[in-house]
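Coordinate inspection notes
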8 protein chains.
Amino acid sequence: MGKMPVKAVNMKDDYLELGFAKLDISRKRRIGFDETVFCSGKTKEQLLQIFSAFQENSCNALGTRCSREQYEFVRNAMPEVHYDTTSKILSLRNRKPQALAGKIAICCAGTADLPIAEEAATVAEFQGATVEKFFDIGVAGLHRLLSKIEQIRRANVVIAIAGMEGSLAGILAGLVQAPVIAVPTSVGYGASLQGIVPLLSMINSCAEGISVVNIDNGFGAAIQACRILKQIAHH
Amino acid sequence: MGKMPVKAVNMKDDYLELGFAKLDISRKRRIGFDETVFCSGKTKEQLLQIFSAFQENSCNALGTRCSREQYEFVRNAMPEVHYDTTSKILSLRNRKPQALAGKIAICCAGTADLPIAEEAATVAEFQGATVEKFFDIGVAGLHRLLSKIEQIRRANVVIAIAGMEGSLAGILAGLVQAPVIAVPTSVGYGASLQGIVPLLSMINSCAEGISVVNIDNGFGAAIQACRILKQIAHH
Amino acid sequence: MGKMPVKAVNMKDDYLELGFAKLDISRKRRIGFDETVFCSGKTKEQLLQIFSAFQENSCNALGTRCSREQYEFVRNAMPEVHYDTTSKILSLRNRKPQALAGKIAICCAGTADLPIAEEAATVAEFQGATVEKFFDIGVAGLHRLLSKIEQIRRANVVIAIAGMEGSLAGILAGLVQAPVIAVPTSVGYGASLQGIVPLLSMINSCAEGISVVNIDNGFGAAIQACRILKQIAHH
Amino acid sequence: MGKMPVKAVNMKDDYLELGFAKLDISRKRRIGFDETVFCSGKTKEQLLQIFSAFQENSCNALGTRCSREQYEFVRNAMPEVHYDTTSKILSLRNRKPQALAGKIAICCAGTADLPIAEEAATVAEFQGATVEKFFDIGVAGLHRLLSKIEQIRRANVVIAIAGMEGSLAGILAGLVQAPVIAVPTSVGYGASLQGIVPLLSMINSCAEGISVVNIDNGFGAAIQACRILKQIAHH
Amino acid sequence: MGKMPVKAVNMKDDYLELGFAKLDISRKRRIGFDETVFCSGKTKEQLLQIFSAFQENSCNALGTRCSREQYEFVRNAMPEVHYDTTSKILSLRNRKPQALAGKIAICCAGTADLPIAEEAATVAEFQGATVEKFFDIGVAGLHRLLSKIEQIRRANVVIAIAGMEGSLAGILAGLVQAPVIAVPTSVGYGASLQGIVPLLSMINSCAEGISVVNIDNGFGAAIQACRILKQIAHH
Amino acid sequence: MGKMPVKAVNMKDDYLELGFAKLDISRKRRIGFDETVFCSGKTKEQLLQIFSAFQENSCNALGTRCSREQYEFVRNAMPEVHYDTTSKILSLRNRKPQALAGKIAICCAGTADLPIAEEAATVAEFQGATVEKFFDIGVAGLHRLLSKIEQIRRANVVIAIAGMEGSLAGILAGLVQAPVIAVPTSVGYGASLQGIVPLLSMINSCAEGISVVNIDNGFGAAIQACRILKQIAHH
Amino acid sequence: MGKMPVKAVNMKDDYLELGFAKLDISRKRRIGFDETVFCSGKTKEQLLQIFSAFQENSCNALGTRCSREQYEFVRNAMPEVHYDTTSKILSLRNRKPQALAGKIAICCAGTADLPIAEEAATVAEFQGATVEKFFDIGVAGLHRLLSKIEQIRRANVVIAIAGMEGSLAGILAGLVQAPVIAVPTSVGYGASLQGIVPLLSMINSCAEGISVVNIDNGFGAAIQACRILKQIAHH
Amino acid sequence: MGKMPVKAVNMKDDYLELGFAKLDISRKRRIGFDETVFCSGKTKEQLLQIFSAFQENSCNALGTRCSREQYEFVRNAMPEVHYDTTSKILSLRNRKPQALAGKIAICCAGTADLPIAEEAATVAEFQGATVEKFFDIGVAGLHRLLSKIEQIRRANVVIAIAGMEGSLAGILAGLVQAPVIAVPTSVGYGASLQGIVPLLSMINSCAEGISVVNIDNGFGAAIQACRILKQIAHH
């Protein structure tokens, strides 16, 4: 047992001060990805100021859950931004991302999960990842999933997206070797509790090799998958 | 639109008055099964009085969730009772049940679900049903379930018992034609909420042909399965 | 104890690949019913593509929770579809269903439960079942239920639909011999928690012979009832 | 609109100061009943001090949820106290209560609800009420309840005690004219959530004329019933 | 112990059959009040049919939670109906109610609770009760409540209406002798959970003499209060 | 132990009686702040009457959660009122508040928390407090918070506002000496449960020196902070 | 808008490394109080090592929720420690705390809340605060609270401790000028949900000037109160 | 759009049939790890049979949540098993695992989280991973975490283990580039809800790069971390 002389922690990270926001422009260096903006709850004027600041600093940036109205307001002033209708992602790309090694399989249980699946795909590709999509392979018709399983097994990370009872994640985790990132969705009705049931179901899976992100959080699953792919490159 | 002259409802059903209990001895005629006693929460003296009354009236009777201590107290006075350690069922049989047509498949996900599976099996057999058991076929190792699926498909009712995320019921319902009675169990830990998660997961299954009973309610699933088998005979 | 050489599972089931969806056209053979589409959460273009595919393959198909707007979009291109306003069911019928043996009693507690009761009736009749309806027989005026009980007792399956405290299912299960499929509804206010209370109340019923489906899931109850009726025929 | 000169509120009520407790000896005058002590969570020394103080002031007093160990400790020093094993009520009576007009019907659904029913009965009789008991009349065997309904209808207040799904209260309220005080109990298992389900079920009853007290709160129901009986006398 | 020969229960109660509804016209005789219609969830055509039927049978009837649109549709065909904007109650009166003995004090905590308080007042007065109102006496400014307490103490029943933390009911129950019927309201925000918190808070009150009805259920509280007042008359 | 003769409590506090409301004009003397009106749930006519009454009595008054429509209605009749769009606060100032000693640091985690942060700032300044704002210092980019920590440490009270997982409050409490008032916000999605998760997270903080107010309750945090500042002056 | 060059954050704080624990010995300088150890969940050997390390460094230290068994194991090796049976606090005092200005009023609703009240008192006095205690002043007998209110109003901070429905905190906050720190307790039964109900009730109080700590967290309330008292001194 | 002829899925996986269990001995080949047995809920006789079967087949196997009593029973018959007291892991090793590339950092917030941290460490090392441990670095003393951050940043996966409010995971994810696997623990009291609060807090983290496993599921986090490390090798 000894007294530990702690050296000063040197947090040299920078940010851009906008008053209502502090943009974390050192994020790329610190955690490996550019800042992402959660658009919901911000005024369209704030959003424009934020993306303008990124543009002035030649950053890449993503905006998730961006409404069409927010997008149109920003695009009027900044034609450089891009918008994807299904995933509701606003993006600004000033440089091409470095291609990541490996591959991500994005699987979803039903057609209603598509917006979340596309959010995951758009984010992962923006970060340089290779993505393969497997849609509508929910467990009510198991043969659909089984007909694709060999292809899914070749991915380095599997993103499993499902609402209702969320079984897809556990079934996949029992059939592949790669880590499974489970995304519960708010698809369902009645006692699905807006996604709480598939969230808890995935958390309690009897299969191992699953970890879970927030309901409808395709973005978070994609970033986690990209963090994993980066370990391949790091090594 | 007319005023409906309602004829007097003639409820001629009888019961035995014990003061602290009213034993429903007309149940067999009314709903097709003998009375079952939920032993938990009754004193051992009350239990003995109840089973003695059934014996005096030559009834068949079941006691579920019967502790070993309750059983031993009753058996001392009434050697006719039988007890099953795994399912904790106390039984009194004064006449042989009529054999039911058809077959029940009782499936459970893991070894820890066995007490509930055995409760279901014991109750169903007591009522005259033919039972086939498929244990430890949880979805983490899907090949175990798939290796048995042809046999399961030959049953007229499937009882699917699982804790944790409770996927087994939905998978089965997507692979068989018979009705699936799902039994969530309190097996699990952490966020399984003592069975609430598999209960809600089963309720939200994207597969059709599932209906759900209470957590750990092997008894209820068995009776529901027997009610279904009786429809075969009725016709 | 022996090592089990597991034979290859032969899942020869087919599906139609639409990219955003995989239509399970082998369902009829596998589980006995045609595919049903959950319309809520799908775009109207997706819905049209799905029903067109079913039509091209001469399938029967149902769409539940179909909005009037979705229906009108599909009908413009496909005059063959039919729509029921109360139950919000879209249907496509290319061949007459085989009549099922037996009868289903559909009981509901109050007038506000009618849309769910009609969903159950429409689905069951689409599958070939005979249905008898008993509406507004909730327990606040018990004589209404008792005046109908003899008729209800003649059914092979009873569907009990109720919101608020959901007592109807347990009362019925204590008075009939047939299996009771309970459907909690979101009818109610305040602490009914959008149907969670009748759901849990039905799950905890002290009466035996009840199993429960999701809140407002008239469709699921009907299919479960039809699976039960099919056992009569199978035998 | 006018400024209201508020006169000083004259709260002349007294209490006995014990340091760790302030005994509300003016309760009888203020709200019509003597103080009741919730024994659970108090040390046995505190309990003795409290009952000694009541005795010194010639008060009547009740202690609910009193363990046998607490009782025996108090009785050793104060032989005047009385204890009821089923209801776990400790009582001290220095004067006979004034008889209340009218009658309370105490109904319970099953044998396991007896301790709560006896708590209600003991408290009500201690306060001078006339009580009639109807035990084990749960709705799974409706004829048992219906065979007693004429007697129950003659009471001025009905206490309805039930666990599991708690239907008894609503059924009774639809059949009698008197106010129904509903007591959910923690009897049940699995998804009954230790009485939360019957509590919410009773709160959501479609029948009118029900109001609800806490889970297992036989005491509270009895006092509320006595408050109602007192209105008869007051008038 | 003896076998109880149960005489046939004679339920001679009548109802009007409307197909989608069965109107309980024997309610007055059975439980002492006319039928009340919960308007929410019914179509305006159904509502008109129901009130027309009551009118044809010269019944009094109330409709709670009636929207202005529903009201206007009914009134166009039936000018006899009356509507109260604050309480959203539709009423049809064919005969004057018999005046009830005693008095009800209706207390509410804040101005936002007024619609519920007025619902209670309108219903109670419709049933013949005398009502006194005490509004905005919430506990944040205790002197307001204390300035009125002597008047409140003169009532035979106290209805206590409050949202947020719902303290009003418990404070009142500690200061009056009459039974307190507590009505939690959905007034509040954030963690008030749409009234679940005041509901549970009232259920757990340390004061005795409280029983609780559903969130925002002014109607239910009024009927319970009237049932209590009727006991005065009965005696 | 002795009997405590309790002297009459002299509650001389006044209020203005408006019928639907009782305005607590003695609040300033009793608890140190003027009355605040929770505008949500009040009609615009009621709001005008309330603010008119305050104006007639020359009171200062605040209205929180005031909609633009409510504001415009009141302002038309009372041009003296002021409205802040971001915080949705309506204010009426008839006298300048006494300046409070000390300083409040208002910290928020993200841009979407701004309305709550501005509500806290507006209320605190209205009461005479000095406020310093630190916005968008959430823990995902810890260097932003650490770059401001020396300034925050100079405040006498810290208000920490955060949604999602609400970590900000605990981090701050571990770095400053002043009391931290934590305000969970409804910012987030999916499993954040409209602010319940940050509320419970803050309540469970492993750091000491935190106490928590309701979700989105910037007003309550500001008043609590001002109560603390007043202790400096009192001494 | 400008790029903020962030200076290195100089966290010179020290700790003692024990392997299984890192003792935060710079806490006194950083946040103003010595480290407190949460004893529950630590082995008695770990606890001894921790307190020995504090002793070697001449620190003051508190251990909360210390079992008698843990205490006896530590005291055998370290006779310097002190233990309080009611509050279950283990303490080690190597220097006298500096007396804090002002006074804390510790109020609790019932006798069963005493252990938490004593935890708060012991912790506050250990930190140098002056404490005045007001026990058993719950709102069921309001005159008890009112008889003490003038004394309570003289404190600089009020700690309000209550279980069941937790009304005490809101009532006090409406009657005093000082900040109220509310401590919900797990005292109660049935639907009190082990303290969740008083917690949420306190969070939703309609009175202002309340902030809330965790259930049964007397320690946390005391530290928050001491942080407030320190602001008096700081100024 | 085309009809997809689905080739037979060839699931050649084997298992050992024990009657009460089906041991998944093809798991290593299918998902890359040996079977792990969840010991809780199994009888000690079942456990011995299972480990004997593994031993006969020369498998490696782990048993988690193994009680000392279970261990001793198994070891008596099978001296080859090993047991770790802190993590409660029973292990059987018949061959050395292949060393995995990369490194896992296992971080925990407090001393009470140690059993879970050791479960994670034991499982990961059993699978061939290199592990570095960082214990008691919770956010209440942020300098402890910051003093270790450079070391943690060198790992390929970070496991973050915390109870109470669970902030550690989010803070870490904002400071490292590797994926963070968050493990909520049941450490805490009061409103921590046995780990539900840190679970939901971690799920809602505003930082990206976190995915979450079940409460106290050190095992699951370790396997997920190993799956990630295996991707490095695969490439």
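Being a predicted model, the structure only gives us computed values, none of them experimental.

**Describing the overall build of chain A**
Check the secondary structure of chain A and you find nine helices and twelve strands. Rg of the C-alpha trace for chain A: 19 Å, near the compact-globule value of 18 Å for 235 residues, within the 12% margin. Principal-axis analysis of the C-alpha atoms gives chain A an extent of 60 × 50 × 35 Å. Split into buried and exposed, the 235 residues of chain A put 71% on the buried side. A separation of at least 24 residues holds for 67% of the contacts in chain A among residues at least 6 apart in sequence. Of the roughly 7,200 Å² of accessible surface on chain A, 48% is carried by carbon and sulfur atoms. One way to put it: in chain A the 25 positive side-chain charges average out to a point 6 Å from where the 22 negative ones average out.

**Quick look at helix α4 (residues 114-126) of chain F**
All names here are of chain F. Compared with the 18 Å implied by 1.5 Å per residue over 13 residues, the 18 Å span of α4 between its first and last C-alpha is a close match. Of all 13 residues that make up α4, ten are buried, and the element is covered over most of its length. Turning to α4, its buried residues number three or more, namely Leu 114, Ile 116, Ala 117, Glu 118, Glu 119, Ala 120, Ala 121, Val 123, Ala 124 and Phe 126. Directly after α4, the chain includes Gly 128, whose backbone phi takes a positive value near 100°.

**With respect to the packing of helix α8 (residues 196-203) of chain A against helix α8 (residues 196-203) of chain B**
Put simply, α8(A) and α8(B) touch, their axes get as near as 9 Å, and they point 125° apart. Put simply, α8(A) runs oblique to α8(B). Where α8(A) crosses over α8(B), the handedness of that crossing is left-handed. The residues of α8(B) that touch α8(A), namely those facing A:Val197, A:Leu200 and A:Ser201, are B:Val197, B:Leu200 and B:Ser201. Considered class by class, the residues forming the contact of α8(A) with α8(B) number four nonpolar, two polar and no charged.

**Overview of the relation of the copies chain H and chain A**
Each of the two chain copies can be brought onto the other by rotation about an axis and movement along it. Rotating chain H by 180° and translating it 0.0 Å along the rotation axis places it on chain A, where the RMSD comes to 0.0 Å. What the rotation and shift describe, once combined, is the action of a two-fold rotation axis. Looking at chain H, 100% of its interface residues are interface residues in chain A too, so the copies touch through the same face.

**Here's the deal with the sheet that holds strand β4 (residues 36-38) of chain E**
Residues and elements named next belong to chain E. The sheet built from four strands is open, its strands ordered β4-β5-β7-β6 with mixed pairing. One side of each edge strand has no neighbouring strand; the edge strands of this open sheet are β4 and β6 (82-84). Put simply, the sheet's adjacent strands are angled 20° from each other on average, direction ignored. Against the sheet, helix α4 (residues 114-126) makes contact with β5 (61-64), β6 and β7 (89-92), and its axis sits at roughly 10° relative to β7, the strand it touches most.

**Things to note about the sheet that holds strand β7 (residues 89-92) of chain A**
Residue and element names in this part refer to chain A. Sheet architecture is open: four strands sit in the order β4-β5-β7-β6, paired in mixed fashion. The sheet is open, and its two borders are formed by β4 (36-38) and β6 (82-84), each paired with just one other strand. Adjacent strand axes in the sheet meet at a mean angle of 20° when their direction is disregarded. In the packing of helix α2 (residues 44-56) onto the sheet, the strands contacted are β4, β5 (61-64) and β7, and the crossing angle to β7 comes to about 30°.

**Points about the interface of chain H and chain A**
Opposite the 50 residues of chain H that make contact, chain A presents 50 residues. Across the chain H/chain A interface, buried area totals approximately 4,200 Å², and carbon plus sulfur atoms make up 55% of it. Three residues, H:Gln177, H:Glu208 and H:Arg227, lead the burial of chain H against chain A; their summed loss comes to 18% of the area buried on that side. At the surface where chain H touches chain A, the tally comes to two salt bridges. Looking at side-chain class alone, the side of chain H that touches chain A contains 26 nonpolar, 16 polar and eight charged residues.

**Digging into the arrangement of the chains**
Separated without contact, chain B and chain F have their nearest C-alpha atoms at a distance of 14 Å. Regarding chain D and chain H, the two do not touch, and the least distance separating their C-alpha atoms is 15 Å.

**Details of the pairing of strand β5 (residues 61-64) of chain D**
Residue and element names in this part refer to chain D. In β5, alternate side chains face the same way, and those of Ala 61 and Gly 63 on one face and Leu 62 and Thr 64 on the other are all buried. Judged from the three bridges that link them, strand β4 (residues 36-38) and β5 form a sheet pairing that is parallel. In the strand pairing of β5, Phe 38 is matched with Thr 64. Regarding the hand of the β-α-β motif, the stretch spanning β4, helix α2 (residues 44-56) and β5 is right-handed. Across three bridges, the pairing between β5 and strand β7 (residues 89-92) is antiparallel.

**Brief notes about the domain arrangement of chain A**
Residue and element names in this part refer to chain A. Per the domain assignment, the segments of chain A are domain 1 (16-92) and domain 2 (103-233). Counting the surface lost from both domain 1 and domain 2, the interface buries some 1,200 Å², and carbon and sulfur atoms represent 67% of this. Counting every contact that joins domain 1 to domain 2 gives zero salt bridges. Counting the contacts that link domain 1 with domain 2 gives two residue pairs in polar contact (both at pLDDT 80 or more). Residue assignment for the side of domain 1 that touches domain 2 shows that the elements contributing at least two residues are β5 and β7. A class-by-class count of the residues in the side of domain 1 that touches domain 2 yields six nonpolar, seven polar and two charged.

**A closer look at the environment of B:Thr36**
Assignment of secondary structure puts B:Thr36 in strand β4 (residues 36-38). What makes B:Thr36 buried here is its relative accessible area of 12%. Through-space distance from the C-alpha of B:Thr36 to that of B:Leu62 is 4.8 Å; in sequence the pair is 26 residues apart. When near neighbours in sequence (up to four residues on either side) are disregarded, B:Thr36 contacts B:Arg27, B:Leu62, B:Thr64, B:Phe219 and C:Glu208.

**Quick look at the side chain of G:Arg30**
You can see G:Arg30 is positioned in helix α1 (residues 27-31). Relative accessible area serves as the criterion here: at 4%, G:Arg30 is assigned to the buried category. There is a polar contact of 3.2 Å between the side chain of G:Arg30 and the backbone oxygen of H:Ala140.

**Brief notes about the pairing of strand β9 (residues 131-134) of chain E**
Residues and elements named next belong to chain E. Of the pairings in the sheet, the one linking strand β8 (residues 104-108) to β9 comprises four bridges and is parallel in character. Along β9, the bridge assignment pairs Cys 107 with Phe 134. Since β8 and β9 lie parallel, the crossover through α4 that links them has a hand, and here it is right-handed.

**Some details on the pattern of salt bridges**
Applying the stated rule across the entire model yields 88 salt bridges over all chains. With its nearest N and O atoms 2.8 Å apart, the salt bridge here joins A:Lys103 to A:Glu132. Remark: A:Glu132 occurs in strand β9 (residues 131-134) and A:Lys103 occurs in the loop between β7 and β8 (104-108); sequence separation between them is 29 residues. On the accessibility criterion, A:Glu132 (23% relative accessible area) is partly exposed. Here D:Arg30 and D:Asp24 are joined by a salt bridge, their closest N and O atoms 2.9 Å apart. Assessed through its relative accessible area of 3%, D:Asp24 is described here as buried.

**Let's talk about the packing of aromatic side chains**
Applying the stated rule across the entire model yields 24 aromatic pairs over all chains. Judged by centre distance (6.1 Å) and plane angle (80°), the rings of B:Phe51 and B:Phe54 are edge-to-face. Remark: B:Phe54 and B:Phe51 occur in helix α2 (residues 44-56); sequence separation between them is three residues, near one turn of the helix. According to the relative accessible area criterion, B:Phe51 is buried, its value standing at 0%. Ring geometry for H:Tyr71 versus H:Tyr83: centroids 4.5 Å apart, planes at 10°, classification stacked.

**Digging into unusual backbone geometry**
One non-glycine residue, E:Ser58, adopts positive backbone phi at about 55°. E:Ser58 gets classed as partly exposed once you look at its relative accessible area, which sits at 44%. Although it is not a glycine, G:Arg65 sits at a positive phi angle of roughly 55°.

Calculation criteria
Residues numbered from 1 in each chain as written. Chains lettered and ligands numbered in written order. Predicted model: local features only at pLDDT ≥ 70, side-chain atom pairs only at ≥ 80, totals over all residues. Heavy atoms only, no water. Helix = DSSP H or I, 4+ residues; strand = E, 2+ residues; numbered from the N terminus. Rg over C-alpha atoms; globule rule 2.2 N^0.38 Å. Buried < 20%, exposed > 50% of the residue type's maximum accessible area, 1.4 Å probe, protein only. Contact = heavy atoms within 4.5 Å. Areas by Shrake-Rupley, 256 points an atom, 1.4 Å probe, with all protein chains shown as cover. Lys, Arg positive; Asp, Glu negative; His and termini not counted. Charge placed at Lys NZ, Arg CZ, Asp CG, Glu CD. Expected span 1.5 Å × (residues − 1). Axes fitted to C-alpha atoms, helices over the stretch in contact; angles between N-to-C directions. Parallel < 35°, antiparallel > 145°, perpendicular 65-115°, else oblique. Left-handed = near helix turned anticlockwise from the far one by under 90°. Nonpolar A, V, L, I, M, F, W, Y, C, P; charged D, E, K, R; others polar. Least-squares fit on C-alpha atoms with pLDDT ≥ 70 in both. Pairing = 2+ DSSP bridges. Buried area = accessible area lost by both parts, 1.4 Å probe. Salt bridge = Lys/Arg side-chain N within 4 Å of Asp/Glu carboxyl O. Right-handed = clockwise from strand over helix to strand, strands pointing away. Domains from an automatic or database assignment. Polar contact = N/O pair within 3.5 Å; in protein donor to acceptor, adjacent residues only side chain to side chain. Phe/Tyr/Trp six-rings, centres within 6.5 Å; stacked < 30°, edge-to-face > 60°.

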